Structures are given as C-alpha cells and as structure tokens.
Amino acid sequence: MPRLAFFPWIEIECDIDAQGYSLRRFVREKLPWPDDDRQATIDAVLSPYRDLRDKPIRTAVILEAHGRELTERPSDEDRADLFLFAELFAFAALAVRDYFDYDYYNRDDLRLVIQEFEDPRGGVFLEIRRRDGVQWSSVSRDSYRVQAPAHVCQGGKQIKPDCALLEALLRSRSRDEWLGLYRGIVLFNQANTDAPDMSMDTELVLTYAAMEQILGISSRADRKQFHVKFAEAWHPSREVPRSEWRAPPTGRTWMKERPLRACWADDLKACRGNLAHGMGENARPALWTVRQHLLLTAFTVPRLVKRVLSRMDLYQLTDDDERDINALELLLNLPDLFPKEHEESDPGEGNPWQRVLRREKDRQLYQLIERHLDRHHQVNGIDT
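The structure displayed is predicted, hence computed values, not measured ones.

Caption draft 1: Examining the overall build of the protein more closely. When helices and strands are counted, the protein shows 11 helices and 11 strands. Taking the contacts inside the protein whose residues are at least 6 apart along the sequence as the reference set, 70% of them involve residues at least 24 apart. Surface exposure of the protein reaches about 20,000 Å², of which carbon and sulfur atoms provide 47%.

Caption draft 2: Representation of the sheet that holds strand β9 (residues 133–139) in the model. Pairing is antiparallel in the open sheet, where seven strands are placed in the order β3-β4-β6-β1-β7-β8-β9. Edge positions in the sheet fall to β3 (16–18) and β9, since each has one partner strand and no second. Adjacent strand axes in the sheet meet at a mean angle of 35 degrees when their direction is disregarded. Pairing of strand β7 (residues 113–117) with strand β8 (residues 124–130), which is carried by two bridges, proceeds in the antiparallel orientation. From the neighbouring strand, Phe117 faces β8, where its bridge partner is Val124.

Caption draft 3: Structural detail: the state of the cysteines. With the rule as written, the count across this model stands at zero disulfides. The thiol of Cys163 is unpaired, and the distance to the nearest cysteine sulfur, on Cys14, comes to 7.5 Å. Residue classification places Cys163 among the partly exposed positions, given a relative accessible area of 35%.

Caption draft 4: Looking closely at a nonpolar patch on the surface. A contiguous nonpolar surface patch, about 390 Å² in accessible area, is contributed by Leu365, Tyr366, Leu368 and Ile369. In this fold, Tyr366 is placed in helix α11 (residues 352–380). On the basis of relative accessible area, Tyr366 is assigned to the exposed category, the value being 52%.

Caption draft 5: Local environment of the environment of Gly20. Mapped onto the fold, Gly20 is located in the loop between β3 and β4 (21–27). Each C-alpha atom, one on Gly20 and one on Arg68, is 9.9 Å from the other, the two residues being 48 residues apart in sequence. Leave out the neighbours within four places in its chain, and Gly20 touches Glu64, Ala65 and His66.

Caption draft 6: Region of the structure containing the packing of helix α9 (residues 290–311) against helix α10 (residues 319–332). Interaxial distance between α9 and α10 falls to 11 Å at its minimum, and their mutual angle equals 145 degrees. Considering the relative orientation of α9 and α10, their crossing is left-handed. Packed against α9, whose contacting residues are Leu296, Phe299, Thr300, Arg303, Lys306 and Arg307, the element α10 presents Asp321, Asp324, Ile325, Leu328, Leu331 and Leu332 at the interface. A class-by-class count of the residues in the contact of α9 with α10 yields six nonpolar, one polar and five charged.

Caption draft 7: Representation of the pattern of salt bridges in the model. As enumerated under the stated definition, the model contains 25 salt bridges in all. Between Asp324 and Arg303 there is a salt bridge, with its nearest N and O atoms 2.9 Å apart. With Asp324 in helix α10 and Arg303 in helix α9, the pair connects residues that are 21 residues apart, well separated along the chain. Both residues of the pair, Asp324 and Arg303, count as buried. A salt bridge links Lys306 to Asp321; the shortest N-O distance between them is 2.9 Å. With Lys306 in helix α9 and Asp321 in helix α10, the pair connects residues that are 15 residues apart, well separated along the chain.

Reading the values: rules and limits
Residues numbered from 1 in each chain as written. Predicted model: local features only at pLDDT ≥ 70, side-chain atom pairs only at ≥ 80, totals over all residues. Heavy atoms only, no water. Helix = DSSP H or I, 4+ residues; strand = E, 2+ residues; numbered from the N terminus. Contact = heavy atoms within 4.5 Å. Areas by Shrake-Rupley, 256 points an atom, 1.4 Å probe, with all protein chains shown as cover. Pairing = 2+ DSSP bridges. Axes fitted to C-alpha atoms, helices over the stretch in contact; angles between N-to-C directions. Disulfide = S-S within 2.5 Å. Buried < 20%, exposed > 50% of the residue type's maximum accessible area, 1.4 Å probe, protein only. Patch = residues over 30% accessible without salt bridge, like charges linked within 9 Å, V, L, I, M, F, W, Y side chains within 5 Å. Salt bridge = Lys/Arg side-chain N within 4 Å of Asp/Glu carboxyl O. Left-handed = near helix turned anticlockwise from the far one by under 90°. Nonpolar A, V, L, I, M, F, W, Y, C, P; charged D, E, K, R; others polar.

Listed below in structure tokens is the structure:
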C-alpha cells in the first residue's frame, strides 16, 4: 500500500538535498509536479490537513529518501530511517531559531507524517501504536480531518535549516559518538515542542539528559563533573571577568575558581536534580529560574553539538557560531533574560537578549577590521 512522507505545517524556500534525502516544496495544484497525475494524488492525500480556519493547507514539505518513488511503500527499516532523518532536520531547524522575534517556531511545527492510503481520494489507514501492540483503523476521507495544533505556526512557517549542520549530523552516523549525539538530539527535540500539556519541569529534565548524552557523560564520576565538562567543551575565546559578574541572588554565592558558564551548568544540574527527585525548584535559592534555564539551554544545546562535531572534524564553526559561543556568558550575566512586562525598549536596540547578541557581533566585526588594517599596515610598512 503506498505511503507519503511529509511535513504538513512548514514551508521551505527552496528544495533541499542532503546525502540521499530530498525535501521538496509542495504547493497545492502547483508543486512539486504541475500538470501531472502525481500532483493530484499528493493534493488529495494532503487535503485532510487543515489550518485553524479549517482550510486545507496550501503548502507543505515532501520527504523522499534514497531515490525511492515518492509514494512507494517503505519497509519498516526505511520508515524508521525517515523518522531518524526528521529528528535531525528538526534539530538543524531549531539550531537557527531566533528568540524574541516574530519568526519563531517549535519542534511540533516540524513533525513528520507518513500517511498510508489505498485510494488518495478515498479513505486512509491509520497505524495507532499501543503498549500492547499496534491497532489499524480505516477512516473515510470525508470524516478524516487533521487540524494544526494551536501552538504551531499558522499558515505555514518558512523554515531555513542549518544545512551544514544537517550534513555533518548525517555524516556522523558512522562515528562512535553518533549514538550519544542522536539520543541527545531526540531528547532536546522532545523538550522544545511548546506543547501546552508538557510541563517546564519535564522539559528541563529532558534537556539536561540531552546535554549529558551530547557530552558523552555516562559514569557517576563524570556526572559529578558535569559543570567542568561543559565548561571545557564550550570554550569561548573570551570570558566575562569575575569582577564584572552580576550579584548572585540572596543566599547564594558563585563557585570559586570556575568560569561563569561552569556556575550555570552546576546550577542547571542542581535544578534538574530538584525537579527529577520531587524537591521542586525552590529547594535552594536558584541562580537561574527554570524558565531562564530553558531559554539558555535552547540556545546552548545546538551550539554544543556544533562544538562536538567540530572536534570530530565534521563541522567548521562559522563566525556566527563563534559569536554565539562568546555571547553565552554575557547572556548568563544579564540580571533578567526576559523583558519586563510592558517595558518599552529602544527600537534600534531591542530587548536585553538581542542587545547582547548584536553588540557581540559588532565587537567581532571591529576585531576583524582591526586585524585587516594591521595586516595592511604590515604589508605596506606603515607605522601606527
């Protein structure tokens, strides 16, 4: 029985090919195959997928793999491979997500559907997984509707994944580090759905577990040194001097002889432990709240994966990656990551988070200009 694999809630600017996988734009009645019977088939299969106005989605993304016919039924192994790719694709998209910006999306925007059908204009077959097995159900086309969840983007969000990161992740599958990376990516994705029935406490526990997997932490001794391993792996080119650190909350002190990022990692571990073992967020005064930790880890984990891939010689850090790595301690040093309610900010400056990233990018640019001028003066024998 034929099946079609697709992402119903997103758009992409152009088709993407990555190591045997193809992401194809779908536009109802137009793409990927205008004036072709296959287009009518895809239009029919996707017609039950609706936006919040109960209108059939106009755009989507079709997933193909390894030269298979688009509607060819995949084996169980091929099906699992498609879902594996979907996790990596979702992570590569979340890696470039902006915060405090209109163009925001979450992991549930990036859900893959593999729809089985007999007659695209007839009914559909649903495979419903259960703890005691699998239940199959046949549903008529007229009564089958899949509406976009309220917490995903509306009207199709255009996604521009980090394709270099996606390629590096696909190449890493042959390496010893792959299993830890993949487990960490899946856990991170699960923690970034923004689903209303997912608590922030659960998201933090999942995110911390993701970081342990990515860092290769497996023993009790390694877990005790989580903050050290994170600080070593992150390794910015410049740190915030201790003399400039913000004052800690009442009842807390900063760790001695450790950089600010290590203090954060230690607080993240303690916060996770309190939540996982039922002691709650307030078992001891927190340096960062659960909400702050979740924003910081959403920013940090994709860049931590890039650091690991860079050490594996599979990924080359970009200028933007270097800026973000250097910016983390500046973000950690903010008194509050979130703008206060009804707080007005300078339109040219943005909120505190955006100001830090913009100023770090400016500093990076100034350094580049200075190095260029120094080389120019040296070549031309100019004294400064």
